[in-house]
There are 4 protein chains.
Amino acid sequence: MNTVTRPLLGMALSALSVVACVQASAAPKSPSGTAALSAADPKSAVPVSKWGADDEIGAANELKPALVVAATKLVKTGKTYQLGMEVNKSTPAFRHRNFRLITTNPGQEGGKTEGPNKFTYNDEHFEGWLGVGTQLNGLGHIGIDSTYYNANRARDFVDIEGVKKLGLEKTPPIVTRGVLLDMAAYYGTDVVKEGTAFSPSDIETVLKKENVTIQPGDVVIFHTGWLDLAGKDNARFLAGEPGINRAAAQYLAEKRVVAVGADNWALEAVPFEKGAGTFEGNQTLITKNGIYVLENLVTKDLAHDKVYEFLFVLGHPRYTGTTQSIINPVAIH
Amino acid sequence: MNTVTRPLLGMALSALSVVACVQASAAPKSPSGTAALSAADPKSAVPVSKWGADDEIGAANELKPALVVAATKLVKTGKTYQLGMEVNKSTPAFRHRNFRLITTNPGQEGGKTEGPNKFTYNDEHFEGWLGVGTQLNGLGHIGIDSTYYNANRARDFVDIEGVKKLGLEKTPPIVTRGVLLDMAAYYGTDVVKEGTAFSPSDIETVLKKENVTIQPGDVVIFHTGWLDLAGKDNARFLAGEPGINRAAAQYLAEKRVVAVGADNWALEAVPFEKGAGTFEGNQTLITKNGIYVLENLVTKDLAHDKVYEFLFVLGHPRYTGTTQSIINPVAIH
Amino acid sequence: MNTVTRPLLGMALSALSVVACVQASAAPKSPSGTAALSAADPKSAVPVSKWGADDEIGAANELKPALVVAATKLVKTGKTYQLGMEVNKSTPAFRHRNFRLITTNPGQEGGKTEGPNKFTYNDEHFEGWLGVGTQLNGLGHIGIDSTYYNANRARDFVDIEGVKKLGLEKTPPIVTRGVLLDMAAYYGTDVVKEGTAFSPSDIETVLKKENVTIQPGDVVIFHTGWLDLAGKDNARFLAGEPGINRAAAQYLAEKRVVAVGADNWALEAVPFEKGAGTFEGNQTLITKNGIYVLENLVTKDLAHDKVYEFLFVLGHPRYTGTTQSIINPVAIH
Amino acid sequence: MNTVTRPLLGMALSALSVVACVQASAAPKSPSGTAALSAADPKSAVPVSKWGADDEIGAANELKPALVVAATKLVKTGKTYQLGMEVNKSTPAFRHRNFRLITTNPGQEGGKTEGPNKFTYNDEHFEGWLGVGTQLNGLGHIGIDSTYYNANRARDFVDIEGVKKLGLEKTPPIVTRGVLLDMAAYYGTDVVKEGTAFSPSDIETVLKKENVTIQPGDVVIFHTGWLDLAGKDNARFLAGEPGINRAAAQYLAEKRVVAVGADNWALEAVPFEKGAGTFEGNQTLITKNGIYVLENLVTKDLAHDKVYEFLFVLGHPRYTGTTQSIINPVAIH
């Protein structure tokens with residue numbers, strides 16, 4: 001993607017500047033003072049979806065009953081793998097994010113109980129950010145200059161109480177074939193070094209080694225070993241990560257996958273590739289192609305068992321108007 | 001207290017009183033003033049688990065690879081059903097519970113972006129209770145006189161920041177056969193009336209009609225139509241519900257199911273059966289038998305399609321030390 | 001944009017557009033894509049403070065020991081008036097705002113206590129917005145096109161975890177003379193009608209009637225009766241209010257007051273005066289002149305007792321990086 | 001208090017045990033199983049208030065207009081001292097407590113503004129515990145065996161959404177004389193060592209040295225230097241503190257003060273005096289005598305200026321049903 005797309009983005013930005021000038025002087029109808037930005041055509045940077053201008057679920061359109069039936073045929077041993085990590089106040093989290101839990105005993109003050117059967121209960125209050133621990137990033141999560149999947153501008157769909165479009169409550173459960181790419185094995189290490197950037201060629205080599213091919217509708221997951229650092233060296237864990245490069249993001253998009261995930265916190269190589277912008281791979285997948293991203297997946301046991309194909313099942317909590325969700329997908333083999 | 005309905009519990013309490021008297025006069029070393037209660041043997045009311053005194057996952061012990069393999073064989077059409085409802089600030093919730101979402105744009109004040117690729121993102125903060133919407137109730141959720149599954153006393157394992165035992169993070173994903181009992185069809189109505197109490201005999205009649213039998217390791221789900229009231233008549237929705245009676249709770253426990261669920265907020269008939277205590281059916285299932293409870297499941301489409309057996313997959317978020325979780329299980333047929 | 005009402009601002013915006021064009025073509029070094037906006041000189045709309053370009057407390061600079069001594073001389077009867085209203089989940093709140101409280105008993109599960117003296121305690125968790133109930137609005141609260149008091153741009157000082165400049169923790173306690181203007185008496189009603197806009201002439205008439213003059217360093221408070229609607233007719237309460245007009249905001253700024261308050265939720269007349277923008281009076285006071293605003297003050301008893309001059313004392317909670325605070329100022333007479 | 005009160009408490013507990021035995025066998029009408037505890041007469045440990053069985057404000061009854069007038073006469077220089085510390089996520093806090101702030105820009109997504117005047121604003125969401133930083137502890141905060149001021153039992157007035165009695169919203173502003181006792185000067189150090197327990201005799205020596213006497217209705221504040229450790233050595237700060245001993249708590253209660261405070265987190269010496277229970281001094285003041293406690297006061301400047309008498313003004317936020325509040329009292333001299 002690198003050498004091709006960046007100039008295009010650059011051109012888009014130049015166009016934006018020009019439009020801004022024209023628009024600023026000629027736009028008496030603009031309701032607010034941010035004429036320069038709002039006048040830009042977000043479609044220059046973020047295209048209208050191939051699933052239509054009204055589409056809100058992107059690559060989830062690739063999900064098909066036939067793929068579900070096919071994926072269930074991959075179940076051999078009956079072993080299940082939970083891909084979600086534990087989440088609590090000690091979980092290393094991105095930037096400002098945090099997570100807090102309160103356990104209460106309502107109506108039980110001083111040892112009080114309810115009814116002749118002495119009913120008691122624990123009741124939990126939670127407070128924090130939806131981007132802590134294992135998470136699903138939806139199509140409204142990441143944008144380019146406040147423009148999101150399918151050319152939706154933040155000013156038109158984002159509200160302080162939740163997004164009005166692109167909310168994850170609209171995305172169906174993701175039930176399809178999962179494919180694991182063991183990058184740690186590929187690099188011959190337990191934990192792939194931060195900044196290591198996986199190219200399309202790296203991916204194809206691993207696929208060949210594992211005797212798997214990526215098909216439309218797949219969920220592709222990278223095992224890097226990086227999650228092993230969480231709880232052991234949180235500072236290093238959060239400061240960088242191995243992951244896909246920009247070309248790999250484009251490559252996976254062209255494969256028409258539903259989602260891409262990894263056992264790290266942002267999927268792509270950090271520090272970013274030379275010349276790459278901030279989480280540009282995520283923009284390619286989510287913003288431009290409507291492909292979901294899965295973070296901090298627990299992939300260790302799959303890798304250990306050399307399970308490279310499996311039935312992947314994710315039913316994510318349906319909080320209205322969210323673009324992220326703390327999840328626990330299940331791999332069934 | 002009640003002189004009739006709970007003879008076994010009554011006996012336990014008499015014992016408690018006697019112990020209290022002995023203890024109170026003979027216990028100068030007691031560190032706190034609640035000698036009377038703490039001296040009681042909670043095992044009188046809540047037995048030690050058949051899976052051992054250290055067990056923390058109860059009926060999840062029934063989950064077996066062979067059952068997973070068998071359940072995947074039930075997948076015929078590839079159609080998936082999400083059993084989770086949307087959750088937001090308007091969702092009718094039990095008593096004091098609430099749910100609030102905040103969408104923010106960190107680092108984007110005044111339209112600022114990050115990097116040459118103009119990275120922007122929406123980031124959600126959530127605040128509320130884990131018992132809103134479709135939910136999983138774990139073994140630490142409901143107790144008898146502050147004693148919980150496997151004779152665990154609240155004073156020994158409950159902490160303001162989460163339970164130290166019985167937390168749902170220890171419960172594996174629930175992947176097994178799901179069985180739907182269409183009680184609305186049985187009663188010949190769209191929405192079964194509140195207070196309607198399902199007996200073992202009712203259950204057996206429905207099973208026969210559906211040509212299904214309950215097996216150890218199953219997840220049993222009741223369709224009552226009650227969830228249709230949520231959002232239409234929240235006051236009625238929360239004031240009562242149809243559901244199992246106490247004998248049915250015992251019946252299901254004897255069937256060795258993993259979990260029991262329904263499309264209502266507390267599984268059992270409310271108003272409670274004549275003579276029944278407060279959520280006594282839940283105590284039978286969760287506290288005494290270590291069986292999980294699923295609430296507010298969206299069962300409508302399963303019932304409509306007459307799907308009575310299916311692959312049930314639940315990967316619940318793994319918040320450390322919680323006894324409830326907002327979920328979205330998937331039924332696959 | 002608007003062609004008439006804000007000629008000065010209009011000029012600023014034209015300048016902005018021109019600068020944007022120049023900047024957009026000539027700024028390869030711009031770190032982000034919002035060159036157009038960031039290039040604008042915010043000082044066109046928001047002036048540098050008369051207390052210096054580094055000033056962060058605005059009119060609090062008017063507070064002087066001599067004024068404190070003088071104000072204490074106003075204390076005659078020793079009667080105290082709390083100007084703060086109760087705040088809870090039923091308090092009518094602006095737009096998305098809410099307030100929730102949880103009372104817990106940590107370490108007291110099942111009636112447990114601490115120590116031989118059986119220590120127990122209630123411990124409260126709070127969640128909500130700082131703009132609910134009686135509140136102080138600081139200099140970072142309200143801006144013009146993301147530019148705030150003393151030409152501070154949001155992009156330079158606002159952070160998701162609190163403002164880095166203009167935080168209320170820097171504002172000293174406000175101890176000075178308070179002056180009450182009984183507008184309800186002036187209009188001969190208990191509750192002044194929504195939309196009623198107080199002009200400088202109205203203010204001067206009331207001052208004369210009350211035999212008071214406004215001096216530099218005063219806190220000026222309007223009694224309108226509007227707060228009586230809170231809890232009685234929340235819909236009406238939030239839909240409008242009587243209050244100052246734009247000229248009165250400018251008039252009060254010229255009087256060099258420290259703060260202006262009222263027994264309503266936004267101080268100025270809503271619906272806004274013909275031709276006025278959105279909370280333009282607040283912009284005049286806070287953004288352009290560094291004057292604090294007090295909302296939802298309980299002024300009823302002061303008005304009833306005809307107490308028009310008093311010692312005003314406000315020590316606001318010092319949450320770092322906030323621009324609002326829920327308060328309870330005290331008037332002492 | 002030590003040698004006198006403890007035996008009384010011991011007797012109360014013996015009585016409790018006896019009552020429990022009698023009650024447990026003879027109380028068929030008890031609605032729940034905690035007969036032993038609920039049957040005890042809490043008045044054995046916590047007396048009915050001298051201000052009447054319905055009183056909910058305790059020593060605030062000592063506040064009188066004459067005291068207000070007298071206290072204003074202490075104002076000489078017009079200098080104000082804010083006694084509140086800054087509160088943020090780094091503030092060292094008791095046990096499980098925390099504090100988090102989120103700054104948002106509602107309706108300003110992508111740089112959007114409101115109206116022709118381009119209205120923008122910062123809006124803060126807060127989440128945390130009311131016992132962080134400088135705080136007021138009310139009469140419902142601390143109890144003896146779940147019984148609180150004026151013999152109120154937790155089971156009767158505590159609710160998950162706030163206390164139904166003893167809430168701080170009922171306590172009027174505290175406006176009266178403040179007295180500072182410079183204990184750091186007394187011990188000839190900047191920071192008095194943890195565990196140092198101030199006796200009535202120590203207090204009287206300091207009062208004499210400062211030429212002050214404690215009068216009914218006073219707010220008495222101890223300066224120990226302990227707060228200097230906050231932010232420098234949080235672990236030590238939270239592990240102990242100098243403070244009053246049990247006898248001093250009783251002594252101050254007999255002086256009929258309204259509130260007692262200090263520049264530390266729990267007023268009394270920690271580690272506790274030999275033989276003392278857990279926060280027993282707080283129980284004496286709050287639970288038995290209805291006297292308010294102020295924590296983490298910033299007393300440094302008062303001590304530096306040798307201001308030992310002053311006008312004390314506290315208007316605390318009126319959150320309905322809370323027993324604590326984060327505050328910023330003002331001392332005026």
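Everything discussed here concerns the structure shown above.
The shown structure was predicted, so the numbers you read here are calculated from the model rather than taken from an experiment.

What about the overall build of chain A?
In step 1: A tally of regular secondary structure across chain A gives 10 helices and 17 strands.
In step 2: Counting only residues that meet the buried cut, chain A has 67% of its 333 residues in that class.
In step 3: Sequence separation of 24 or more characterises 79% of the internal contacts of chain A that already satisfy a separation of 6 or more.

Regarding helix α3 (residues 65-72) of chain A
In step 1: Three or more residues of α3 of chain A are buried, namely Val68, Val69, Ala71 and Thr72 of chain A. Projected onto a plane normal to the axis of α3 of chain A, the buried residues spread over an arc of 165 degrees and lie on a single side.
In step 2: Contacts made by the buried residues of α3 of chain A are with β9 (174-182) and β15 (309-314) of chain A together with α3 (65-72), β1 (80-82) and β17 (330-332) of chain B.

Considering the sheet that holds β1 of chain B
All names here are of chain B.
In step 1: Across the sheet, which stays open at both edges, the nine strands sit in the order β1-β17-β15-β9-β11-β13-β14-β5-β16 with mixed pairing between neighbours. Looking at which strands have only one partner, the edges of the open sheet turn out to be β1 and β16 (324-326). Within the sheet, the average angular offset between the axes of one strand and its neighbour, ignoring direction, is 25 degrees.
In step 2: In terms of strand pairing, strand β9 (residues 174-182) meets strand β11 (residues 219-223) through five bridges, oriented parallel. Bridge pairing links Asp182 to His223 in β11.
In step 3: This element, α3, spans β9 and β15 (309-314) of the sheet and lies at about 55 degrees to β9.

Considering unusual backbone geometry
In step 1: The omega torsion of the bond from Val270 of chain C to Pro271 of chain C falls at 0 degrees, within 30 degrees of zero and hence cis.
In step 2: Looking at the secondary structure, you find Pro271 of chain C in the loop between β13 (259-262) and α9 (280-289).
In step 3: Non-glycine residue Lys306 of chain B carries a positive phi angle of around 55 degrees.
In step 4: With respect to the element layout, Lys306 of chain B can be found in the loop between α10 (300-304) and β15.

Observations regarding the sheet that holds strand β5 (residues 135-137) of chain A
The pairing of strands in a sheet comes from backbone hydrogen bonds and takes either a parallel or an antiparallel form.
Residues and elements named next belong to chain A.
In step 1: Reading across from one edge, β1-β17-β15-β9-β11-β13-β14-β5-β16 is the order of the nine strands in this open sheet, with mixed pairing throughout. Of all strands in the sheet, those with a lone pairing partner are β1 (80-82) and β16 (324-326), marking the two edges. With direction set aside, neighbouring strand axes in the sheet form an average angle of 25 degrees.
In step 2: Strand contacts of α3: β9 and β15, with the helix running at about 55 degrees to β9, the strand carrying the most contacts.

Details of a positive patch on the surface
In step 1: Side chains of Lys73 and Lys76 of chain A together with Lys73 and Lys76 of chain B sit close together on the surface and give a patch of like positive charge.
In step 2: Structurally, the position occupied by Lys76 of chain A is in the loop between α3 and β1.

Observations regarding the relation of the copies chain A and chain B
In step 1: Once chain A is rotated about the relating axis by 180 degrees and shifted along it by 0.0 Å, it coincides with chain B to within an RMSD of 0.0 Å. Both copies are brought into coincidence by an operation consistent with a two-fold rotation axis. Taking C-alpha positions as reference, the residue of chain A nearest the rotation axis is Glu127 of chain A, located at 2.2 Å.
In step 2: The fraction of interface residues of chain A whose copies in chain B are also interface residues reaches 100%, indicating that both copies meet through the same surface.

Let's talk about the interface of chain A and chain B
In step 1: Chain A puts 93 residues into the contact, and the matching count from chain B is 95 residues.
In step 2: Approximately 7900 Å² of surface area, both sides summed, lies buried where chain A meets chain B, with 54% of it carried by carbon and sulfur atoms.
In step 3: Taken together, the connections running from chain A to chain B amount to 56 residue pairs in polar contact (both at pLDDT 80 or more).
In step 4: When residues in the side of chain A that touches chain B are grouped by element, the largest group, seven residues, is from strand β4 (residues 123-129) of chain A.

A few points about helix α6 (residues 200-210) of chain C
All names here are of chain C.
In step 1: For α6, the complete set of buried residues consists of Asp202, Ile203, Val206, Leu207 and Glu210. Projected onto a plane normal to the axis of α6, the buried residues spread over an arc of 135 degrees and lie on a single side. Turned more than 90 degrees off the buried face of α6, the exposed positions are Lys208 and Lys209.
In step 2: Contacts made by the buried residues of α6 are with β9 (174-182), α5 (183-187), β10 (197-198), β11 (219-223) and α8 (246-254).

Concerning the packing of aromatic side chains
Describing an aromatic ring pair means giving the distance of the ring centres and the angle of the ring planes.
In step 1: The tally for this structure, following the rule as stated, stands at 54 aromatic pairs over all chains.
In step 2: Here the aromatic rings of Phe99 of chain A and Phe126 of chain B are separated by 6.2 Å at their centres, their planes lie at 45 degrees, and the arrangement is tilted. Of this pair, Phe99 of chain A sits in strand β2 (residues 99-104) while Phe126 of chain B sits in strand β4 (residues 123-129), on two different chains. Here Phe99 of chain A matches Phe126 of chain B in class, with each residue buried.
In step 3: Between Phe119 of chain C and Tyr121 of chain C, the aromatic rings sit 5.5 Å apart at their centres with planes inclined by 25 degrees, giving stacked as the arrangement.

So, how was this worked out
Residues numbered from 1 in each chain as written. Chains lettered and ligands numbered in written order. Predicted model: local features only at pLDDT ≥ 70, side-chain atom pairs only at ≥ 80, totals over all residues. Heavy atoms only, no water. Helix = DSSP H or I, 4+ residues; strand = E, 2+ residues; numbered from the N terminus. Buried < 20%, exposed > 50% of the residue type's maximum accessible area, 1.4 Å probe, protein only. Contact = heavy atoms within 4.5 Å. Arc of directions from axis to C-beta. Pairing = 2+ DSSP bridges. Axes fitted to C-alpha atoms, helices over the stretch in contact; angles between N-to-C directions. Patch = residues over 30% accessible without salt bridge, like charges linked within 9 Å, V, L, I, M, F, W, Y side chains within 5 Å. Areas by Shrake-Rupley, 256 points an atom, 1.4 Å probe, with all protein chains shown as cover. Salt bridge = Lys/Arg side-chain N within 4 Å of Asp/Glu carboxyl O. Lys, Arg positive; Asp, Glu negative; His and termini not counted. Charge placed at Lys NZ, Arg CZ, Asp CG, Glu CD. Least-squares fit on C-alpha atoms with pLDDT ≥ 70 in both. Buried area = accessible area lost by both parts, 1.4 Å probe. Polar contact = N/O pair within 3.5 Å; in protein donor to acceptor, adjacent residues only side chain to side chain. Phe/Tyr/Trp six-rings, centres within 6.5 Å; stacked < 30°, edge-to-face > 60°.

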